[in-house]
Amino acid sequence: MSSLVELITLITTQAPVAATGAVLGKPSCSQCGYDLTNATSSACCPECGRPLVEVLVREGQIQMRKASKRYQSTRRVCGLPLVSIALGPDAAGRMGHAKGYFAIGDTATGVFAFGGFARGLVAFGGMSIGGVTFGGLSLGTFAAFGGLAVAVIGSAVGGFAAGVVACGGGAFGLVAQGGFAAGYVARGGSSYGVHTWPMGSTAPTPVALEAFNQFAWLIGPSGPNPALRYGVAWTGAIAVLVITLALVPIFFAREHRDLVAEELQRPSMNRDRL
């Protein structure tokens, strides 16, 4: 223990000299900003209590520690905090996991989720999973948009897309459109399927054109060439869903009540009688 105190004394003394001869900057706590000059009585920051070996930095030193943020609003919607933010590591080094109606975090779970890994009815992230998803890797139920997009029962748009309706550089689905398209109905640069409309072809066969027209509500009306199209009706339905979910808190957000705390703060009638 004495050796540790000696080490702390050495690194917190005013203006120590580095091995290169340069004067080192004033020591402080990276967690709370407390001035640690001559703080030799303990191995922890006197202000926030964090171990000095974890939080001690010097003036002018580039701090590599990732900033952290934790926040939860008191208003709730359907039992969830209206806004939840969890970014960066906590005191134990665990990355943030936000859970709320609007969740923002390293990992985010909510109705609207934004994060490196996002799960929600509407999810935005490096990897996103949910109803309507946007991300590098996007796995959606109704719609997915991203570098690699997969939709279970809806439409997928991305560099690689797979879904009931798929549109992208490589597209695989019941209806597929893209540079490489494979599906029951397919159109694009290279198209493979039962009914195809390859690039360079002025018009598909009458049977294929009829098949495309059957899916016009999803992919839009067929034009004079096999251009990639996306149905206005389906796009509008997705937009209405997202907007409706975003407006829900306006009507249903309520201040969270802690009934136990309220009861403890309420004057006791029994005590008054005594």
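What you see is a predicted model, and the numbers here were worked out from it, not measured in a lab.

**Student:** Would you mind showing me how to read helix α3 (residues 206-214) here?
**Tutor:** Note on helix geometry: an α-helix contains 3.6 residues per turn, so any two residues three or four positions apart are oriented the same way. Along α3, the residues classified as buried are A208, A211 and F212. Buried residues of α3 fall within an arc of 100° about the axis and therefore sit on the same side. Every exposed residue of α3 that faces more than 90 degrees away from the buried side is listed here: P206 and V207. On its buried face, α3 sits against β8 (155-198) and α4 (216-219).

**Student:** Please clarify how the sheet that holds strand β9 (residues 254-255) should be interpreted in this entry.
**Tutor:** Whether parallel or antiparallel, the strands of a sheet pair through hydrogen bonds between backbone atoms. Spatially, 3 strands are ordered β5-β4-β9 in an open sheet, and the strand pairing comes out antiparallel. Edge positions in the sheet fall to β5 (80-81) and β9, since each has one partner strand and no second.

**Student:** Can you help me understand the packing of aromatic side chains in this one?
**Tutor:** How two aromatic rings sit relative to each other is given by the distance of their centres and the angle of their planes. Applying the stated criterion to the full structure yields 9 aromatic pairs. Ring geometry for Y101 versus F102: centroids 5.3 Å apart, planes at 65°, classification edge-to-face. Taking relative accessible area as the criterion, Y101 reaches 2% and is therefore assigned buried. The class of F102 is partly exposed, set by a relative accessible area of 22%. Summarising the aromatic geometry, the rings of F124 and F134 are spaced 4.7 Å apart at their centres and angled 5° between planes, so their arrangement reads as stacked. Residue F124 is classed as partly exposed on the basis of its relative accessible area of 29%. Members of the aromatic cluster, joined through ring pairs, are F114, F124, F134 and F145.

**Student:** Which parts of the structure should I look at to understand the side chain of H195?
**Tutor:** Tracing the chain through its elements places H195 in strand β8. For H195, a relative accessible area of 12% gives the class buried. Setting aside chain neighbours within four positions, we find H195 in contact with Y184, V185, A186, V207, A208, A211 and F212.

Calculation rules
- Residues numbered from 1 in each chain as written.
- Predicted model: local features only at pLDDT ≥ 70, side-chain atom pairs only at ≥ 80, totals over all residues.
- Heavy atoms only, no water.
- Buried < 20%, exposed > 50% of the residue type's maximum accessible area, 1.4 Å probe, protein only.
- Helix = DSSP H or I, 4+ residues; strand = E, 2+ residues; numbered from the N terminus.
- Arc of directions from axis to C-beta.
- Contact = heavy atoms within 4.5 Å.
- Pairing = 2+ DSSP bridges.
- Phe/Tyr/Trp six-rings, centres within 6.5 Å; stacked < 30°, edge-to-face > 60°.

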